[in-house]
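# What the coordinates show
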Amino acid sequence: MVQHLLQGFVHDPWLRGLNFSTLQPVPTNLITAALGERHMDTAWKLSPREGMDVYVLIEFQSTPVPHMALRTCTYSTLLYEAMLEQKVTSNKDPHWPPILCVVIYNGKRRWRGALGLQQRIWKPPVGSLKRYLLQHRFKLVDINKEVLENKTDDSNLVAILMRFERPQHPTDLPQLIALLNDCIPVQDELRVLFILWIEIGRAHV
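This text gives an overview of the structure that appears in the document. (Residues numbered from 1 in each chain as written. Predicted model: local features only at pLDDT ≥ 70, side-chain atom pairs only at ≥ 80, totals over all residues. Heavy atoms only, no water.)

## Here we look at the overall build of the protein
- Of the regular secondary structure elements, the protein holds eight helices and five strands.
- In the protein, the order of α-helices and β-strands from amino to carboxyl end is α-α-β-α-β-β-α-β-β-α-α-α-α.
- Along the longest, intermediate and shortest principal axes, the C-alpha atoms of the protein span 55 × 40 × 35 Å.
- For the protein, the residues scored as buried account for 39% of the 205 residues in total.
- Sequence separation of 24 or more characterises 58% of the internal contacts of the protein that already satisfy a separation of 6 or more.
- Looking at the protein, you have 23 positive and 20 negative side-chain charges, and the mean spots of the two groups are 9 Å apart. (Helix = DSSP H or I, 4+ residues; strand = E, 2+ residues; numbered from the N terminus. Buried < 20%, exposed > 50% of the residue type's maximum accessible area, 1.4 Å probe, protein only. Contact = heavy atoms within 4.5 Å. Lys, Arg positive; Asp, Glu negative; His and termini not counted. Charge placed at Lys NZ, Arg CZ, Asp CG, Glu CD.)

## Topic: the packing of aromatic side chains
- Summed over the entire model, instances satisfying the criterion amount to three aromatic pairs.
- Centroid distance Y80 to W96: 5.4 Å. Interplanar angle 40 degrees. Geometry classified as tilted. Of this pair, Y80 sits in helix α4 (residues 68-85) while W96 sits in the loop between α4 and β4 (99-105), placing them 16 residues apart in sequence.
- Between the aromatic rings of W111 and F138, the centroid separation amounts to 6.2 Å while the plane-to-plane angle is 75 degrees, which identifies the pairing as edge-to-face. Note that W111 is positioned in the loop between β4 and β5 (139-142) and F138 in the loop between β4 and β5, a separation of 27 residues in sequence. Pair check on accessibility: W111 and F138 agree, each one buried. (Phe/Tyr/Trp six-rings, centres within 6.5 Å; stacked < 30°, edge-to-face > 60°.)

## Looking at helix α7 (residues 172-183)
- Over its 12 residues, α7 runs 17 Å from end to end, which matches the ideal 16 Å to within 8%, given 1.5 Å per residue.
- Of the positions making up α7, those classed as buried are L176, L179 and L180. The arc enclosing the buried residues of α7, seen along the axis, measures out at 100 degrees, which places them on a common side. Projecting away from the buried face of α7 at angles above 90 degrees are the exposed residues P174 and D182. (Expected span 1.5 Å × (residues − 1). Arc of directions from axis to C-beta.)

## With respect to the side chain of S76
- Turning to its location among the elements, S76 is positioned in helix α4.
- If near-sequence neighbours (up to four positions away) are discounted, S76 is found in contact with L57, I99, C101 and H136.

## Topic: the side chain of T89
- Along the polypeptide, T89 turns up in the loop between α4 and β4.
- Within the structure, the side chain of T89 is placed 2.7 Å from the side chain of D93, a separation counted as a polar contact.
- Among residues more than four places away in sequence, those in contact with T89 are M83, L84, H95, W96 and P97. (Polar contact = N/O pair within 3.5 Å; in protein donor to acceptor, adjacent residues only side chain to side chain.)

## What about the environment of Q175?
- For Q175, the location among the structural elements is in helix α7.
- In this structure, the C-alpha to C-alpha distance between Q175 and Q135, residues 40 residues apart in sequence, is 43 Å.

## Topic: the pattern of salt bridges
- Inspection of the entire model under this criterion finds four salt bridges.
- As a salt-bridge pair, D142 and R110 come within 3.9 Å of each other at their nearest N and O atoms. Taken as a pair, D142 in strand β5 and R110 in the loop between β4 and β5 lie far apart in primary sequence, 32 residues in all.
- Classification of D142 as buried rests on a relative accessible area of 4%.
- With a shortest N-O distance of 2.6 Å, R163 and D154 are connected by a salt bridge.
- Using a relative accessible area of 16% as the deciding quantity, one classes R163 as buried. (Salt bridge = Lys/Arg side-chain N within 4 Å of Asp/Glu carboxyl O.)

Below you can see the structure in the form of structure tokens.
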């Protein structure tokens with residue numbers, strides 16, 4: 001699912017070419033050391049064929065948060081601090097691993113908030129001060145936008161999941177179940193998780 005999220009919704013050719021067989025959850029102790037009392041939804045690490053590991057922080061939102069860029073920036077900086085403390089990286093390294101923050105939004109209203117700190121910080125009209133202001137941006141995946149603008153892919157599991165969240169018509173559901181049946185191998189654990197998710201959804205209808 002993380003692979004399909006990155007390949008289908010983060011439109012970057014370098015990311016799509018990564019070796020997804022190396023994808024793994026970020027160790028719990030690293031997340032705990034980074035966030036303390038804060039709660040990040042999920043974090044993953046991906047090793048490229050060349051270069052440094054890429055960290056992907058995924059946050060799920062059902063309501064728009066005006067300061068989401070600040071929250072994801074805080075998660076990123078705290079994770080860097082944890083990497084330094086636990087020797088995952090060091091100040092001697094010329095570069096630190098890149099961190100990508102993805103916010104998946106499934107609220108009823110379209111997201112209207114800022115996607116980057118640059119949009120929230122006032123910049124002087126002249127001079128060089130704006131060069132030194134804090135910069136950070138997260139990738140927003142707005143289910144409303146993706147489904148309504150027909151940007152979904154029949155072979156992408158995250159796209160299919162979005163269409164379950166926002167069916168345009170009740171007759172869509174059998175078609176979506178058929179797509180899942182074609183996309184997920186019979187013995188795959190993900191098939192069981194999807195079945196449970198669908199049954200829970202039916203129980204609440």
